[in-house]
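Summary of structural features
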Amino acid sequence: MVRALTSRLIGIIIVLFVLATVVFVIVRVTPGDPAAVMAGADATAKDIADLRARLGLDAPLWQQYVDFILGAMRGDLGQSIFLHMPVTAALAQRAEPTFFLTVFSILIATVIALPVGIISAFKRGTLFDQVVVISTMVAASVPSFWLGLILIQTFAVKLGWFPVSGYGGPDTSFLDRIGHLVLPAFALGIVNSALITRFTRAAMLDVLGDDYIRTARAKGAPERRVILKHAFRNALIPIITVIGVTIALLVSGTVVTETVFGLPGIGNLIVSAVLRRDYPVIQGTLLVVAAIYVLINFIIDMLYIVVDPRVRL
């Protein structure tokens, strides 16, 4: 077990190194010059060159790459060109809305998807099952930003139950800030519940036809016990997988939703950094998001052993 964990951790380090390299290359080949953006339209070529020298953008690419990798190994993701603060500090300031939005979204998606998927598999072929299959296909094809706009128009503009956008000021209470996340969380949760529902239904259908399920029923076990203890427990591995992947996708996919709802999260930070060609922020944010994605996959692998001891890394 220790050897397997060690090899997995080494693999994670290699993956993060490759991701850091890919991120650096992608940022550098993207058209645009942050020095030209900062200098303005009236700046001369000399003004732009001087600014590039002050920002360190005139250094050879190999040197910029080495500095980025060594800094990332120390936990230093560089200094934001436009925000004039460390990238780690900028990420820390923007992490709260994105974190709670991701947590609430996955909770909503799971609370909707698990019971619906289980009941749909149990009632396979019925009208309820057909409605679920069609509904999940529709929900999976609906863009989260479009659903977000519909929710804003209905529950914020017409009914006035929730704020239209934003996250509240510095003096806003925590509960009020959470209120700003209700609509975007439902927009993301409903859309992402479709995939979890379909996987839950498919996983349950796979195990409901197994011999041990028929044996449990033949022994007179209550149907609820058969479904929840025997069938659902043995269907957990693919369900955990899809939930973990959904969490990772939510962390990296809140960009559009945060923009629609005006949330000052990491997604909004990425958008502004890309528009201003803030290289350190783009690099640092993408690397952190990729690291979270890799970490979630590692946690999923660990959960496999907890759910089913027969699984080995």
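Everything numeric in this text was worked out from a predicted model, so none of it was measured.

Considerations on the overall build of the protein chain
A count of helices and strands for the protein chain gives 14 helices and 0 strands. Across the 313 residues that make up the protein chain, the buried fraction comes to 39%. Contacts in the protein chain between residues far apart in sequence, at least 24 positions, make up 74% of those at least 6 positions apart. By element, 68% of the accessible surface of the protein chain is carried by carbon and sulfur atoms, the whole surface being about 16,900 Å².

Structural notes on the packing of helix α8 (residues 174-208) against helix α10 (residues 223-234)
Between α8 and α10, whose axes approach to 8 Å, the crossing angle comes to 110 degrees. Here α8 is positioned roughly perpendicular relative to α10, judged by the angle of their axes. Crossing hand, α8 versus α10: right-handed. Facing Met204, Val207 and Leu208 of α8, the residues of α10 in contact are Ile227, Ala231, Phe232 and Asn234.

Re the pattern of salt bridges
Evaluation of the coordinates by the stated rule reveals 2 salt bridges. A salt bridge links arginine 177 to glutamate 96, with the shortest nitrogen-to-oxygen separation between them at 3.5 Å. With a gap of 81 residues between them, arginine 177 in helix α8 and glutamate 96 in helix α5 (residues 87-122) connect regions that are remote in the sequence. According to the relative accessible area criterion, arginine 177 is buried, its value standing at 18%. Using a relative accessible area of 29% as the deciding quantity, one classes glutamate 96 as partly exposed. Across the pair arginine 201 and aspartate 129 runs a salt bridge, and its minimum N-O distance is 2.7 Å. Taken together, the residues span a long stretch of sequence, with arginine 201 in helix α8 and aspartate 129 in helix α6 (residues 127-141) at a distance of 72 residues. For the pair shown, arginine 201 and aspartate 129 are each scored as buried.

Focus on the confidence of the model for the protein chain
Overall, the predicted model of the protein chain reaches an average pLDDT of 79, with 89% of residues at or above 70. Mean pLDDT across the elements of the protein chain bottoms out in helix α2 (residues 34-39) (65) and peaks in α5 (88).

Notes on helix α4 (residues 61-73)
Relative to the 18 Å expected for 13 residues at 1.5 Å per residue, α4 spans 18 Å between its end C-alpha atoms, a close match to the ideal helical length. Those residues of α4 that fall on the buried side of the exposure criterion are Gln64, Phe68, Ile69 and Gly71. Each buried residue of α4 lies within a common arc of 165 degrees when the element is viewed along its axis, so the set occupies one face. Relative to its buried face, α4 has exposed residues pointing more than 90 degrees away, namely Trp62 and Met73.

Comments concerning the side chain of serine 120
Relative to the helices and strands, serine 120 resides in helix α5. Serine 120 gets classed as buried once you look at its relative accessible area, which sits at 0%. Every residue in contact with serine 120, bar those within four places of it in the chain, is listed here: Phe128, Asp129, Val132 and Arg201.

What counts, and where the lines are drawn
Residues numbered from 1 in each chain as written. Predicted model: local features only at pLDDT ≥ 70, side-chain atom pairs only at ≥ 80, totals over all residues. Heavy atoms only, no water. Helix = DSSP H or I, 4+ residues; strand = E, 2+ residues; numbered from the N terminus. Buried < 20%, exposed > 50% of the residue type's maximum accessible area, 1.4 Å probe, protein only. Contact = heavy atoms within 4.5 Å. Areas by Shrake-Rupley, 256 points an atom, 1.4 Å probe, with all protein chains shown as cover. Axes fitted to C-alpha atoms, helices over the stretch in contact; angles between N-to-C directions. Parallel < 35°, antiparallel > 145°, perpendicular 65-115°, else oblique. Left-handed = near helix turned anticlockwise from the far one by under 90°. Salt bridge = Lys/Arg side-chain N within 4 Å of Asp/Glu carboxyl O. pLDDT = per-residue confidence, 0-100. Expected span 1.5 Å × (residues − 1). Arc of directions from axis to C-beta.

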